[in-house]
Amino acid sequence: MVSDRRVTFIRKWLSRARDAEDEFDRFFSAWIALVVAAQRIRDPSGRLVEDDSDRKRVVDYFQAKKLAIRRAVEKHQQEMTWLARRRGTRRGTSYGNPIVDTGNPDLRNLFTRFSDHFTGRATMPEDDLVIAVAELLNKVRNNVFHGIKVYDDKEDLDLLRNLNPLLLTVLEASEGQTG
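Described in the following lines is the structure provided in the data block. (Residues numbered from 1 in each chain as written. Predicted model: local features only at pLDDT ≥ 70, side-chain atom pairs only at ≥ 80, totals over all residues. Heavy atoms only, no water.)

**Quick word on the overall build of the protein**
At step 1: Looking only at helices and strands, the protein features eight helices and zero strands.
At step 2: Its helices and strands in sequence order give the protein the pattern α-α-α-α-α-α-α-α, from N to C terminus.
At step 3: The burial tally for the protein puts 48% of its 179 residues in the buried class. (Helix = DSSP H or I, 4+ residues; strand = E, 2+ residues; numbered from the N terminus. Buried < 20%, exposed > 50% of the residue type's maximum accessible area, 1.4 Å probe, protein only.)

In structure tokens form, the structure reads like this:
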């Protein structure tokens, strides 16, 4: 039986994420592990599908691992409530969208529904909740990787402090990895 070397790669980056003291480093490392894990279920051969993206792979991964994602979210109710009450803090704007600012109306709607769900104003179907978590992680990834989130900004650090435990739990539960 041929082993999938990506499993070793996932473990390596997940271990780095667990060991990181810096919240940005923790997020970067966990994101790399997540994208590799998502690629593993997307195409067992590791071949990239044309017109594919990390976002699409991660959303599909979350849908495929729905039970593990739901359990991870349940373990982090405090963080979910914190996220639900958070408003975007994009510099130079007054958007104040739920959780993070975005110009995408579909994401704004999804994050509003997510916020309403965790503040008790409405309920969100499980499939939508799983997609909302994947989209939120991807949005934060985009902001972090493209310099919109800043290393010494208290709001940005607080966001990652509340997202990182969820991301690590998702990976650990989905990939059968524990600290």
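**A few points about the pattern of salt bridges**
At step 1: Scanning the entire structure with this criterion turns up 13 salt bridges.
At step 2: Ionic pairing is found between R57 and D54, a salt bridge with its closest N-O pair at 2.6 Å. Of this pair, R57 and D54 are both found in helix α3 (residues 54-64), three residues apart, which corresponds to roughly one turn of the helix.
At step 3: Using a relative accessible area of 9% as the deciding quantity, one classes R57 as buried.
At step 4: Accessibility expressed as a relative area gives 24% for D54, which makes it partly exposed.
At step 5: A salt bridge links D158 to K154, with the shortest nitrogen-to-oxygen separation between them at 2.6 Å. (Salt bridge = Lys/Arg side-chain N within 4 Å of Asp/Glu carboxyl O.)

**Here's the deal with the environment of A37**
At step 1: Here A37 lies in helix α2 (residues 23-42).
At step 2: Between the C-alpha atom of A37 and that of E175, which follows or precedes it by 138 residues, the distance is 7.6 Å.
At step 3: Setting aside chain neighbours within four positions, we find A37 in contact with I10, Y61 and E175. (Contact = heavy atoms within 4.5 Å.)

**So, helix α8 (residues 154-175)**
At step 1: A rise of 1.5 Å per residue sets the reference length of α8, with its 22 residues, at 32 Å; its end C-alpha atoms lie 31 Å apart and thus fit the reference within 8%.
At step 2: Along α8, the helix axis deviates most sharply at L163, where the bend reaches about 30°; the proline P165 sits within four residues downstream.
At step 3: Burial analysis of α8 places 16 of its 22 residues in the buried class, which makes it a mostly covered element.
At step 4: Note on α8: the residue one or two positions beyond its end, G176, has a positive phi of about 65°. (Expected span 1.5 Å × (residues − 1). Bend = angle between axes of the 7 residues up to and from the residue.)

**Describing the packing of helix α5 (residues 77-85) against α8**
The axes of two packed helices give the description: the angle between them and the distance between them.
At step 1: Orientation of α5 relative to α8, taken along the N-to-C sense of each, is 140°, at an axis distance of 9 Å. Classed by the angle they form, the pair α5 and α8 counts as oblique. The chirality of how α5 crosses α8 is left-handed. Together, E79, M80, W82 and L83 of α5 and D158, L159, N162, L163, P165 and L166 of α8 make up the contact between the two elements.
At step 2: Broken down by class, the residue content of the contact of α5 with α8 amounts to seven nonpolar, one polar and two charged. (Axes fitted to C-alpha atoms, helices over the stretch in contact; angles between N-to-C directions. Parallel < 35°, antiparallel > 145°, perpendicular 65-115°, else oblique. Left-handed = near helix turned anticlockwise from the far one by under 90°. Nonpolar A, V, L, I, M, F, W, Y, C, P; charged D, E, K, R; others polar.)

**Considering the nonpolar core**
Where a protein is soluble and globular, its nonpolar side chains tend to be buried together.
At step 1: Counting residues in hydrophobic clusters, the biggest one holds 51 residues, and the most contacted among them are F62, F114 and V140.
At step 2: Counting only elements with at least two residues in this core, the list comes to α1 (5-19), α2, α3, α4 (66-75), α5, α6 (105-118), α7 (126-145) and α8.
At step 3: A total of 11 residues in this core trace back to one element, the largest contributor, which is α2.
At step 4: Dropping the residues within four chain positions of it, V140 is found in contact with F27, V100, L159, L160 and L163. (Core = buried A, V, L, I, M, F, W, Y, C linked by side-chain atoms within 4.5 Å.)

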